[in-house]
Amino acid sequence: GCEEMTGPEAADLMNRIAGIVGQLGDAVSADDESVVLTVGGTRASLRALSLAPGLDVVSVIQLVADRVTNSEALRDMVETADARLGFGSLRRSDFDKPITDVLLYYTFPAGTLDDDALLTLLHIVLSSGADLGETLG
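Procedures and definitions
- Each chain has its residues counted from 1, following the order in which its sequence is written.
- Totals for whole chains, interfaces and linings use all residues, but because this is a predicted model, local features are given only for residues with pLDDT of at least 70 and pairs of side-chain atoms are given and counted only at 80 or more.
- To get the side-chain values, all heavy atoms of the structure are used, and hydrogens and water are removed first.
- Under the DSSP-based scheme used, a helix requires at least four consecutive residues in state H or I and a strand at least two consecutive residues in state E, with every element numbered from the N terminus.
- Polar contact is the term for a pair of N or O atoms within 3.5 Å; when the atoms are in protein, one must be able to donate a hydrogen and the other to accept it, and sequence-neighboring residues count only if both atoms are side-chain atoms.
- Contacts are residue-level and defined by heavy atoms, with any inter-residue pair within 4.5 Å sufficient.
- Put simply, buried Ala, Val, Leu, Ile, Met, Phe, Trp, Tyr and Cys residues joined by side-chain atoms within 4.5 Å make one nonpolar core.
- For each residue, the accessible area found with a 1.4 Å probe, counting protein chains only, is set against the maximum for its type, and the residue is called buried under 20%, exposed over 50%, and partly exposed in between.
- Salt bridge criterion: a side-chain nitrogen from Lys or Arg within 4 Å of a carboxyl oxygen from Asp or Glu.

Student: Hey, could you go over the side chain of Asn70 for me, with residue numbers and the actual values?
Tutor: If you trace the backbone, Asn70 turns up in the loop between strand E4 (55-69) and helix H2 (72-84). Polar contacts involving the side chain of Asn70 include one to the side chain of Arg92, which spans 2.9 Å. Excluding its chain neighbours within four sequence positions, the residues that come into contact with Asn70 are Arg92, Asp94, Phe95, Asp96, Lys97, Pro98, Ile99 and Thr100.

What follows is the structure, encoded as structure tokens:
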């Protein structure tokens, strides 16, 4: 498989992200490798990874709905919402348990994006996740 590594580029990218995401929500924790952000009723973890030299990506995992009833209606809502998402994929954490979390996953190359473009893309992803959280919550 591919090794996830955090190099100096990923650390620089993480520092940039940590510096701008306060405009999107409340940063509840941050370290060298990730920022956890509250956006609307959701929480998101943002990480910067170097997948290869010159390829730095941002990984977003947003907890859209926390411990909801895992019904057929929820499954259908998640599948419909996932098909309509412009960015990322929406998944249930458990397919066969009575209670599940709903998570939004999105990874994108970010090394060449300036702060405005990075902030705009994160805003689009996280606000759509927050909107879905209101729908599913």
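Student: So, the environment of Leu119: which residues are in play, and what are the values?
Tutor: Considering the arrangement of structural elements, one finds Leu119 in helix H3 (residues 115-136). Between the C-alpha atom of Leu119 and that of Thr42, which follows or precedes it by 77 residues, the distance is 18 Å. Excluding residues within four positions of it along the chain, Leu119 makes contact with Ile20, Gln23 and Leu24.

Student: Report on the nonpolar core, specifying residues and quantitative values.
Tutor: Residues Leu90 and Leu122 are the most contacted members of the largest nonpolar core, which totals 37 residues. For this core, the secondary structure elements donating two or more residues are helix H1 (8-20), strand E2 (34-39), strand E3 (42-52), E4, H2, strand E6 (99-109) and H3. Of all the elements, H3 adds the most residues to this core, at nine residues. For Leu122, the contacting residues outside a window of four places in its chain are Ile17, Val21, Leu24, Leu46, Val58, Val60 and Phe108.

Student: Mind laying out the pattern of salt bridges, listing which residues take part and the relevant values?
Tutor: Counted under the stated rule, the structure contains five salt bridges. For the salt bridge of Arg75 with Asp76, the shortest nitrogen-to-oxygen distance reads 3.1 Å. Between Asp82 and Arg91 there is a salt bridge; the shortest N-O distance is 3.2 Å. Arg91 sits in the partly exposed class, given a relative accessible area of 37%.

So far we have only geometry, and geometry alone does not tell us how the molecule works.
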